Amino acid sequence: MKKHIPNLITLCNLFSGSLAVIFAVQGNLIAAAFFVALGIFFDFFDGLAARALNVKSDVGLQLDSLADVVTSGVVPGIVMFQLLTMALPGEDGLEQWTADTNWLEFTFNPLALFGLLIILGSAFRLAKFNVDDRQTDSFIGLPTPANALLVLSLPLILTFQPNSFATGIILNEWFLFALTIISVIILNAELPLFALKFKNWGFKGNEIRYIFLILCVVLIVLFQFLAVPMIILSYVLLSVFFGNKK
């Protein structure tokens, strides 16, 4: 039974992601963000459980990536689609589909489908991760959970920290197109990024991790949800300027 505990946690990640998909399709982006965050929480602890119980397996590795495709790939792609649907000229949001609906009919601007590129980029990044032995102690390219948090922070900012400046940027179709392209590129770029895996709790050897965590706390206290894009940018910049150069 012990060897199945990490896989059970991974399945909790997948279940949370599946719920997030349902809410994202319905246009409830706040609930979608909550379940994505819950899924990422499970994603963090399944690896810890596997290492603590010494039950790491190839099945667990594949299952983890399959769950991440849903939680950190499909959901942010749908959320980006919904944001583009709101930003582009046309209908506001999706109407409920019924059995009487003509399957050729749609009520959204087709350009909003551009946001689904995030799903493709995330799936490709996770496939590369599974066969890349360079990413045991660090990452190459932005991890999909970090990219998911970046995308999901946008509806949270719109809802809980609305102001004309932020709303104008987030609901600008060119900003959303650019962010989609940047997400796909940075997910798959040959960009070494440090991992938040502590082999010990000493400061020496973990300087960049402690600095990053302190920075995260300060930014969240000062800026709340607006801090998320700042944190992702700080993560990339710290990795580029102070990370492992190997």
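Above this text is the structure in question.
Criteria and cut-off values
Residues numbered from 1 in each chain as written. Predicted model: local features only at pLDDT ≥ 70, side-chain atom pairs only at ≥ 80, totals over all residues. Heavy atoms only, no water. Helix = DSSP H or I, 4+ residues; strand = E, 2+ residues; numbered from the N terminus. Expected span 1.5 Å × (residues − 1). Bend = angle between axes of the 7 residues up to and from the residue. Buried < 20%, exposed > 50% of the residue type's maximum accessible area, 1.4 Å probe, protein only. Salt bridge = Lys/Arg side-chain N within 4 Å of Asp/Glu carboxyl O. Phe/Tyr/Trp six-rings, centres within 6.5 Å; stacked < 30°, edge-to-face > 60°.

For helix 5 (residues 144–160), with 17 residues, the first-to-last C-alpha span of 24 Å sits near the 24 Å given by 1.5 Å per residue. Of all the bends in helix 5, the greatest, near 25°, is centred on Ser-153, and the proline Pro-155 appears no more than four residues after it. Along helix 5, 14 of the 17 residues are buried, which leaves the element largely enclosed by surrounding structure.

What follows is about the pattern of salt bridges. Close approach of charged atoms allows side chains with opposite charge to pair. Summed over the entire model, instances satisfying the criterion amount to two salt bridges. The salt bridge involving Asp-132 is made with Arg-134; its shortest N-O contact spans 2.9 Å. Exposure remark for Asp-132: the relative accessible area of 17% places this residue in the buried category. With a closest N to O distance of 3.2 Å, Arg-134 and Glu-190 form a salt bridge. In this pair, Arg-134 sits in the loop between helix 4 (117–131) and strand 1 (138–140) while Glu-190 sits in the loop between helix 7 (173–188) and strand 2 (192–194), placing the two residues 56 residues apart along the sequence. The class for Arg-134 is partly exposed, based on a relative accessible area of 45%. Via salt bridges that share partners, Asp-132, Arg-134 and Glu-190 belong to a single interconnected network.

Under the defined criterion, the tally for this structure stands at 13 aromatic pairs. Taking the centre distance of 5.2 Å and the plane angle of 85° together, the rings of Phe-114 and Phe-177 count as edge-to-face. Pair noted here: Phe-114 is in the loop between helix 3 (58–87) and helix 4 and Phe-177 is in helix 7, with a separation of 63 residues, a long-range link. Under the relative-accessibility criterion, Phe-114 is labelled partly exposed at 28%. Ring geometry for Trp-174 versus Phe-177: centroids 5.7 Å apart, planes at 65°, classification edge-to-face. Of the two residues, Trp-174 and Phe-177 both sit in helix 7, three residues apart, roughly one turn of that helix. Assessed through its relative accessible area of 63%, Trp-174 is described here as exposed. The class of Phe-177 is buried, set by a relative accessible area of 12%. Members of the aromatic cluster, each reached through a chain of ring pairs, are Phe-41, Phe-42, Phe-44 and Phe-45.

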